[in-house]
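# Examination of the molecular architecture
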Amino acid sequence: MNYIVFPEDLDIRRGGPSGYIANLERGITDLKNKTNIEIISSSQGLKSIDEKSNFKRFAEKFIGKSKLLTESYYLYKFLRKDRMANINEKLSSVTFESNDIIHVHSVLDYYSLSKKGILGKIVLTPHTPESIATEITNMIRLKFNSNMELNKLLGKIKKVERYAFQECEYFIFPSKEAMSIYSEFVEGFDEYINNKKVYFNLTGCNKLKSKLDKIEFRKRYNIPEKAFLISYVGRHSKIKGYDILLDVANELKRIDPNIYIVTAGSGGIRSNSENQNLIEIGWTDDPGSVINSSDLFLLPNRNTYFDLALLEVLSIGTPVLASRTGGNISVGKLTNGIRLFENGNIDEIIRIILSLKDNPELLGGMKADNIRCYNENFTITKFAERYLKILQEISSI
C-alpha cells in the first residue's frame, strides 16, 4: 500500500505541499484506474481549533516581545509538539508494513514520522526554496514586525533539516535543477544525496481559469487597453525577488510610461513610491485574470524550487521572463516561451522586456509554445502517470 502523509489541509490553489498533493490527487482520480494510494491529511490543518482560541491570540502578543519566549514557543510548535497530532487517529488506524511507501513533504514531517517508528519506505519531497529554518525564522520576524535574532531556533531546525536529508533513503524532486538548490543551504547535502535513491517527477497543475477577460480586467484597474502589461503573482518577499520587481517597475516607468506592472499576493514588501504604473492588488482568488490580461509574466525569484505559479502561467500561454535558478531552468529547457535572466540583474531584465515589448510576433510564438509545453509535460494526468511509475520502481526495490 502507498500513503501520502500530510498533517495539514489540501488546497489546490496554494503552493507548496498543500497544492502539490491536491493536484496530484486530482490527477490520479482523472486517470480513472484503481490505485492503492491513500492520502492521510488533516481536515483541520496544523492550526487546530484550540490554537485559534482567544487565549492563544492574546498569548502570542506577548511572546513576540521576548526572544526567550519566542524561541521557546516556536521550538515547541515546530519540533517538540507532535506535528502529526491532527492525523494521529488516522495513522493509528493503519497497519503499516515494511514494503509500504509513505510519502512526506517536509523535513519536519519526516522527523516527526521517523520518531514514531512506523514501518515502511519513507519518501521525502521537500518544497522550500530556502532552508526551512530560514523560512520559519523569517516568518516569525514578519509576524511580530521584529528583527530579533533567533539563532537557537534557527540552529535546532537546521539540525533537523540535516538529519532528514542524511537519514531518508528515498527522495522525489521535480527536477535536478530544483534539487540542486539544496546544496546552497543544507550543509553536507551533496554528500548525503549521492548515496540515496532519487527520482524526478515534474510537478503538474490544473489549467488556470480566469473570471475576467483582458478588456474587463484592464478597465477595472484603469490600465490602458494598449499598454504593455507585465504581471506577477506570488509572495511579496525577498526570496521571491519582489524587491527586484519594484526596482524594475520604477526604472520602466522612467524609460517607457506605456509599460505597466500588476501584482497579486501578500507579504512583507510593498512599494513606497508613487508609481502609478505599478498596481498592487493584494491577495486574490482570481490569479488567472491577472495573468491572462498581461503580455508578459515576470518571475524574479532569488532562489526557487519549482514554482506552481510558473506552471499555471504556462497553462494559459502567457510569455515568461524568469530568473535563472532552480526549477525555472528545468522548465526553460522545455519551451521557447520563457526567457531567463541572471539572478538579480535588473539591467538585463529591462533590456529583455523592451526587446519583447516591440515584437508581438515573437510574443505570439512564445505563447503558443508555452501552451504546447504545458499540455505535453505539466497536466495533472501527466504528473500522476509519472508519479505512479515512480511508486512502482520504489516498490520493486
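Nothing here was measured: the structure is a model prediction, and the numbers come from that model.

## Things to note about the nonpolar core
If you look at the biggest cluster of nonpolar residues, it comprises 80 residues, and the most contacted ones within it are Val 5, Leu 108, Phe 165, Phe 173, Tyr 182 and Phe 378. With six residues, helix H13 (residues 308–316) is the single largest residue contributor to this core. Ignoring any residue separated from it by four or fewer positions in sequence, one finds Phe 378 in contact with Leu 202, Thr 203, Gly 204, Cys 205, Phe 306, Leu 311, Leu 314, Val 331, Leu 334 and Cys 373. Formed by 24 residues, the second largest nonpolar core is a distinct cluster that contains Tyr 232, Leu 245, Ile 259 and Leu 298.

## Structural notes on a positive patch on the surface
A surface patch of positive charge is lined by Arg 80, Lys 152, Lys 156 and Lys 159. With three residues, helix H7 (residues 151–167) is the single largest residue contributor to the positive patch. Checked against the element boundaries, Arg 80 lands in helix H3 (residues 67–80). On the accessibility criterion, Arg 80 (55% relative accessible area) is exposed.

## Describing the packing of helix H11 (residues 242–255) against helix H15 (residues 346–357)
Relative to each other, H11 and H15 sit at 50 degrees, their axes nearing to 10 Å. Here H15 runs oblique to H11, going by the angle between their axes. Considering only the axes of H11 and H15, their crossing is right-handed. Residues Ile 244, Asp 247, Val 248, Glu 251, Leu 252 and Ile 255 of H11 form the contact with H15, whose own contacting residues are Ile 346, Ile 349, Ile 350, Ile 353 and Leu 354. For the contact of H11 with H15, the per-class residue count stands at nine nonpolar, no polar and two charged.

## Quick notes on the layout of surface pockets
Each pocket or cavity is described by its volume, and for the second largest pocket that value is around 290 Å³. What lines the second largest pocket is a set of 16 residues, among which Arg 13, Asn 206, Lys 207, Leu 208 and Lys 209 lie closest to the centre. Residue assignment for the lining of the second largest pocket shows that the elements contributing at least two residues are helix H1 (16–31) and helix H12 (287–292). When grouped by side-chain class, the residues that make up the lining of the second largest pocket number four nonpolar, four polar and eight charged.

## Points about the packing of H1 against helix H17 (residues 380–395)
Orientation of H1 relative to H17, taken along the N-to-C sense of each, is 90 degrees, at an axis distance of 8 Å. Here H1 is positioned roughly perpendicular relative to H17, judged by the angle of their axes. Note on element contacts: H17 touches H1 through Ile 380, Thr 381, Phe 383, Ala 384, Glu 385, Tyr 387 and Leu 388, opposite Tyr 20, Asn 23, Leu 24, Arg 26, Gly 27, Ile 28, Asp 30 and Leu 31. In terms of residue class, the contact of H1 with H17 is made up of nine nonpolar, three polar and three charged.

## Points about unusual backbone geometry
Not every positive phi belongs to a glycine, and Asn 145 is a case in point at roughly 50 degrees. Secondary-structure assignment places Asn 145 in the loop between helix H6 (132–143) and H7. Here Asn 145 falls in the exposed class, since its relative accessible area comes to 74%.

## Quick word on the sheet that holds strand E1 (residues 2–6)
Strand pairing in a sheet relies on backbone hydrogen bonds, with the paired strands running either antiparallel or parallel. Sheet architecture is open: six strands sit in the order E2-E1-E3-E4-E5-E6, paired in parallel fashion. Every interior strand has two partners, whereas the edge strands, strand E2 (37–41) and strand E6 (197–200), have only one. Direction aside, the axes of adjacent strands within the sheet are offset by 25 degrees on average. Bridge count for E1 against E2 is five bridges, and the pairing is parallel. In the sheet register, Phe 6 faces E2, and the bridge partner there is Ser 41. Sheet contacts for H1: E1, E2, strand E3 (101–104) and strand E5 (170–173); angle to E1, the most-contacted strand, approximately 150 degrees.

## A short note on the packing of aromatic side chains
Tallying each qualifying case throughout the model produces 18 aromatic pairs. Summarising the aromatic geometry, the rings of Tyr 3 and Phe 96 are spaced 4.9 Å apart at their centres and angled 65 degrees between planes, so their arrangement reads as edge-to-face. Here the residue Tyr 3 occupies a position in strand E1, and Phe 96 occupies one in the loop between helix H4 (88–92) and E3, the gap between them amounting to 93 residues. Each member of the pair, Tyr 3 as well as Phe 96, carries the same accessibility label: buried. Where Tyr 232 meets Tyr 242, the ring centres are 5.5 Å apart and the plane angle is 50 degrees; that geometry is what we call tilted. You can see Tyr 232 sitting in strand E7 (residues 228–233) and its partner Tyr 242 sitting in helix H11, a full ten residues away along the chain. Like Tyr 232, the residue Tyr 242 is buried in the burial classification. The rings of Phe 165, Phe 171, Phe 173, Tyr 182, Phe 185, Phe 189 and Tyr 305 are connected pair by pair, giving a single aromatic cluster.

## Concerning the state of the cysteines
Tallying each qualifying case throughout the model produces zero disulfides. Left without a disulfide partner, Cys 373 is nearest to the cysteine sulfur of Cys 205, which lies 11 Å away. We classify Cys 373 as buried; its relative accessible area is 0%.

## Focus: the pairing of E3
Neither face of E3 is open: one carries Ile 101 and His 103, the other Ile 102 and Val 104, and all of them are buried. Bridging between E1 and E3 involves three bridges; their strand directions are parallel. Each bridged residue has a counterpart across the sheet, and for Ile 4 the counterpart in E3 is His 103. The pairing of E3 with strand E4 (residues 121–124) spans four bridges and is classified as parallel. Looking across to E4, one finds that His 103 is bridged to Val 123. Traced from E3 through helix H5 (residues 107–115) to E4, the parallel crossover comes out right-handed.

Reading the values: rules and limits
Residues numbered from 1 in each chain as written. Predicted model: local features only at pLDDT ≥ 70, side-chain atom pairs only at ≥ 80, totals over all residues. Heavy atoms only, no water. Core = buried A, V, L, I, M, F, W, Y, C linked by side-chain atoms within 4.5 Å. Buried < 20%, exposed > 50% of the residue type's maximum accessible area, 1.4 Å probe, protein only. Helix = DSSP H or I, 4+ residues; strand = E, 2+ residues; numbered from the N terminus. Contact = heavy atoms within 4.5 Å. Patch = residues over 30% accessible without salt bridge, like charges linked within 9 Å, V, L, I, M, F, W, Y side chains within 5 Å. Areas by Shrake-Rupley, 256 points an atom, 1.4 Å probe, with all protein chains shown as cover. Salt bridge = Lys/Arg side-chain N within 4 Å of Asp/Glu carboxyl O. Lys, Arg positive; Asp, Glu negative; His and termini not counted. Charge placed at Lys NZ, Arg CZ, Asp CG, Glu CD. Axes fitted to C-alpha atoms, helices over the stretch in contact; angles between N-to-C directions. Parallel < 35°, antiparallel > 145°, perpendicular 65-115°, else oblique. Left-handed = near helix turned anticlockwise from the far one by under 90°. Nonpolar A, V, L, I, M, F, W, Y, C, P; charged D, E, K, R; others polar. 1 Å grid on protein atoms, 1.4 Å probe; cavity = no way out; pocket = protein on both sides within 12 Å on 5 of 7 lines; lining within 4 Å. Points joined across faces, edges and corners; volume = space filled by probe spheres on them. Pairing = 2+ DSSP bridges. Phe/Tyr/Trp six-rings, centres within 6.5 Å; stacked < 30°, edge-to-face > 60°. Disulfide = S-S within 2.5 Å. Right-handed = clockwise from strand over helix to strand, strands pointing away.

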